[in-house]
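# Results of the structural survey
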Amino acid sequence: MKSIIFILALLLSGCSAVGHYNVDKNASNKADFHFIGIPVLAGAVGSSFPLTENYSLTAGHVAKLMMVRVKAYNPLCDVAIIYHNNKGRALPKLESAVKGERVNLYGYNAYTTLPTSSSGTLQAFGWWDKPGTSCRMGLTDAGGIQGMSGGPVYVADGAIVGIFTATHRKRNQSIFVPYQNIADWVANEMDGKDLASVKKSTALPALLSPAVVLPVARVAAGELN
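Secondary structure summary: the protein chain contains 5 helices and 13 strands in total. Here the protein chain, with 225 residues, has 52% of them falling under the buried criterion. Here the contacts in the protein chain between residues at least 6 apart in sequence split such that 66% fall between residues at least 24 apart. For the protein chain, the exposed surface amounts to about 10,100 Å²; the carbon and sulfur share of it is 56%.

Moving on to the state of the cysteines. Counted according to the given criterion, the structure contains 1 disulfide. A disulfide bridge connects Cys77 with Cys135, and the sulfur atoms are separated by 2.0 Å. The disulfide joining Cys77 to Cys135 has a torsion of about 95° about its S-S bond and is therefore right-handed. Residue Cys77 is found in the loop between strand E5 (70-73) and strand E6 (79-83), and its partner Cys135 is found in the loop between strand E9 (115-127) and strand E10 (136-140); the two are separated by 58 residues along the sequence. Both residues of the pair, Cys77 and Cys135, count as buried.

Membership of the largest hydrophobic core comes to 25 residues, with the highest contact counts inside it found for Leu57, Val79, Ile182 and Trp185. Of all elements in the fold, only strand E4 (55-59), E6, strand E12 (159-168), strand E13 (173-178) and helix H4 (183-189) reach the threshold of two or more residues within this core. Judged by nonpolar contacts, the second largest core, of 14 residues, contains Leu122, Phe125, Val155 and Phe176.

A few words on the confidence of the model for the protein chain. Should the pLDDT be low somewhere, the predicted coordinates at that spot are not to be read in detail. Per-residue confidence for the protein chain gives a mean pLDDT of 76, with 71% of residues at or over 70. For residues 37-42, every residue scores under 50 in pLDDT, and the model assigns this stretch 12 contacts once sequence neighbours within four places are set aside. Across residues 216-224, where pLDDT falls below 50, the model places 21 contacts with residues more than four positions away in sequence or in other chains.

With 6 of its 6 residues buried, strand E3 (residues 45-50) lies for the most part within the structure. With 3 bridges joining them, E3 and E4 adopt antiparallel strand pairing. Bridge pairing in E4 places Phe49 opposite Leu57. Hairpin connection between E3 and E4: a loop of 4 residues separates the two successive antiparallel strands.

On to the packing of aromatic side chains, then. One pass over the structure, following the stated rule, counts 2 aromatic pairs. Residues Tyr55 and Tyr83 carry aromatic rings whose centres are separated by 5.0 Å and whose planes lie at 50° to one another, so their mutual orientation is tilted. On the criterion of sequence distance, the pair formed by Tyr55 in strand E4 and Tyr83 in strand E6 is long-range, its members being 28 residues apart. The buried category is assigned to Tyr55, whose relative accessible area is 17%. You can call Tyr83 partly exposed: its relative accessible area is 30%. Between Tyr106 and Tyr154, the aromatic rings sit 5.5 Å apart at their centres with planes inclined by 90°, giving edge-to-face as the arrangement.

In this section: the pairing of E6. Counting buried positions over the 5 residues of E6 gives 4, a clear majority of the element. Two elements, E4 and E6, share 5 bridges in a ladder whose sense is antiparallel. For Tyr55, the partnering residue across the bridge sits in E6 and is Tyr83. Relative to E6, E5 runs antiparallel, the two sharing 3 bridges. Within E6, the position partnered with Val70 by the bridge is Ile82. In sequence, E5 turns back onto E6 through a hairpin of 5 residues.

Before going further, it helps to spend a moment on unusual backbone geometry. We note that Thr113 has phi near 60°; this positive angle belongs to a residue other than glycine. Note that Thr113 resides in the loop between strand E8 (102-108) and E9. Here Thr113 falls in the partly exposed class, since its relative accessible area comes to 24%. We note that Asn172 has phi near 55°; this positive angle belongs to a residue other than glycine. You can see Asn172 is positioned in the loop between E12 and E13. For Asn172, a relative accessible area of 42% translates into the label partly exposed.

Parameters and conventions
Counting restarts for each chain: residues are numbered from 1 in the order of the written sequence. Selection of residues for local features in this predicted model requires a pLDDT of at least 70, selection of side-chain atom pairs for listing and counting requires 80 or more, and totals for whole chains, interfaces and linings are taken over all residues. Based on all heavy atoms of the structure, the side-chain values leave hydrogens and waters out of the count. The helix count covers DSSP runs of H or I at least four residues long, the strand count covers runs of E at least two residues long, and both are numbered beginning at the N terminus. Exposure categories follow from relative accessible area, calculated using a 1.4 Å probe and restricted to protein chains: below 20% of the type maximum is buried, above 50% is exposed, and the middle band is partly exposed. Any two residues having at least one pair of non-hydrogen atoms within 4.5 Å are treated as being in contact. Here the open area of atoms and residues is found with the Shrake-Rupley method and a 1.4 Å probe, where only the protein chains shown may cover a residue. Disulfides are defined as cysteine sulfur pairs within 2.5 Å. Residues enter a nonpolar core if they are buried and are Ala, Val, Leu, Ile, Met, Phe, Trp, Tyr or Cys, with the set joined through side-chain atoms within 4.5 Å. The score called pLDDT rates the predictor's confidence residue by residue, from a low of 0 to a high of 100. The pairing criterion is simple: DSSP has to find at least two bridges between the two strands. Between 30 and 60 degrees the pair is tilted, below 30 it is stacked and above 60 it is edge-to-face, where a pair is any two Phe, Tyr or Trp rings, Trp via its six-membered ring, whose centres lie within 6.5 Å.

Pasting the structure below:
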């Protein structure tokens, strides 16, 4: 119990919100809600979304904190496949994220527990830490707040292109893992079945300059949501 309280205290002190986000009842149809204890007081809330009838995708740190049953953690990116009963639910399309397209983020606000969404543009791609050896991330000016982490990133054609994982306060951006970066891993974990409906190029855009590399130190500063 003491360890849980300690984790919750860290979440409260490390809250990081960026940009604009709004209460959106439709978000409850896009993302699922996970919490420990009393979420309004503790802020211990995370999101996920269906992958198959039996599995969902979420952020790796959400899976660890919420103590859900985990099938697999991605070795590079902050993403996890969790067991979840999605029978009877519509399963989303999965596509590659493309720079410049409009995106919509969905999840739950950790402090109100209300379904929340935001919108913006995929502005750039960057490495979480060392180029070529860490997770490749998408950066958007769509707003984000603690609790939305693990929620889906949608585009206009109704497909999911990523998983929201963190915010970058200095850049005033939300950060997500583009689906193309984990597609092979997901297919492998699903016994080789390719779940993606990739209508766009899977080629990653050109590398960003070192000036916009995202340092892992941001995690210690509490910028994961």
